[in-house]
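Each chain, letter by letter, is given below.
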Amino acid sequence: MPWVDEDTCYGCGDCLETCPVEAITLSGHVAFVDQDLCICCGRCLDSCANNSLREEEARIQALVAANVEFTEFCLEACARNFDGDPAVKAACLQRLLNRFEQEKTVAELTLERLRHLYQA
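The shown structure was predicted, so the numbers you read here are calculated from the model rather than taken from an experiment. (Residues numbered from 1 in each chain as written. Predicted model: local features only at pLDDT ≥ 70, side-chain atom pairs only at ≥ 80, totals over all residues. Heavy atoms only, no water.)

K.L.:
What is the right way to read helix H4 (residues 86–119) from this model?
P.N.:
Structural remark: α-helix, 3.6 residues per turn; residues separated by three or four positions point the same way. The terminal C-alpha atoms of H4 lie 50 Å apart, and with 34 residues this matches the ideal 50 Å at 1.5 Å per residue to within 8%. You can read the cap of H4 off the contacts: a side-chain oxygen lies 2.9 Å from the backbone nitrogen of Ala87, and it is on Asp85. (Helix = DSSP H or I, 4+ residues; strand = E, 2+ residues; numbered from the N terminus. Expected span 1.5 Å × (residues − 1). Polar contact = N/O pair within 3.5 Å; in protein donor to acceptor, adjacent residues only side chain to side chain.)

See the structure below:
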């Protein structure tokens, strides 16, 4: 999914004109991509002379960092609310690991089914 680098977008509107499903709007002087409407055609990426529209891959490290930060927050909260009980902290970490494993499984199964679309 494309996303907008808000630090470099100056709201020229070129991406709005090229989006076939009107998934892009301007908020002030910055483009916004409605992920629910976006069909991932890539036209907006090609139209952005300032390279402010980017593919999701560019955000992977930031998303990983956010997941780790969330996990650390949860672990600290578990420790604080349960008097630092190591068993509780371990159980909390295991639940978070299970959550991310589930997300991984869903992503892998989704990819598998999508790859079959090309074979049909």
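K.L.:
Sorry if this is basic, but what is going on with the pattern of salt bridges here?
P.N.:
Should their charged atoms come close, side chains of opposite charge can pair. All told, the structure shown has 2 salt bridges when counted by the stated rule. A salt bridge links Arg54 to Asp5, with the nearest nitrogen and oxygen atoms 3.2 Å apart. In this pair, Arg54 is assigned in strand S4 (residues 53–54) and Asp5 in the loop between strand S1 (3–4) and helix H1 (14–18), connecting sequence segments 49 residues apart. Between Arg99 and Glu103 there is a salt bridge, and its shortest N-O distance comes to 3.4 Å. Pair noted here: Arg99 and Glu103 are both in helix H4, with a separation of 4 residues, about one helical turn. (Salt bridge = Lys/Arg side-chain N within 4 Å of Asp/Glu carboxyl O.)

K.L.:
How should the pairing of strand S3 (residues 30–33) be read in this particular structure?
P.N.:
Here S3 shows a buried face lined by Ala31 and Val33 and an unburied face lined by Val30 and Phe32. Relative to S3, strand S2 (residues 24–27) runs antiparallel, the two sharing 4 bridges. Bridging from a neighbouring strand, Thr25 pairs with Phe32 of S3. Joining the antiparallel neighbours S2 and S3 is a turn of 2 residues, in which Gly28 adopts a positive phi near 70 degrees. (Buried < 20%, exposed > 50% of the residue type's maximum accessible area, 1.4 Å probe, protein only. Pairing = 2+ DSSP bridges.)

K.L.:
Please explain the nonpolar core as it appears in this structure.
P.N.:
A general feature of soluble globular proteins is that nonpolar side chains tend to end up buried together. Among the nonpolar cores identified, the biggest contains 13 residues, and Val4, Cys15, Ile24, Ala31, Val33, Cys44 and Leu53 are the most heavily contacted of them. Those elements giving two or more residues to this core turn out to be S3 and helix H2 (43–47). Beyond its immediate chain neighbours, meaning those up to four positions away, Leu53 contacts Pro2, Trp3, Val4, Cys15, Val33, Cys44, Leu45 and Cys48. Cys74, Cys78, Cys92 and Leu96 belong to the second-largest nonpolar core, a separate cluster that totals 5 residues. (Core = buried A, V, L, I, M, F, W, Y, C linked by side-chain atoms within 4.5 Å. Contact = heavy atoms within 4.5 Å.)

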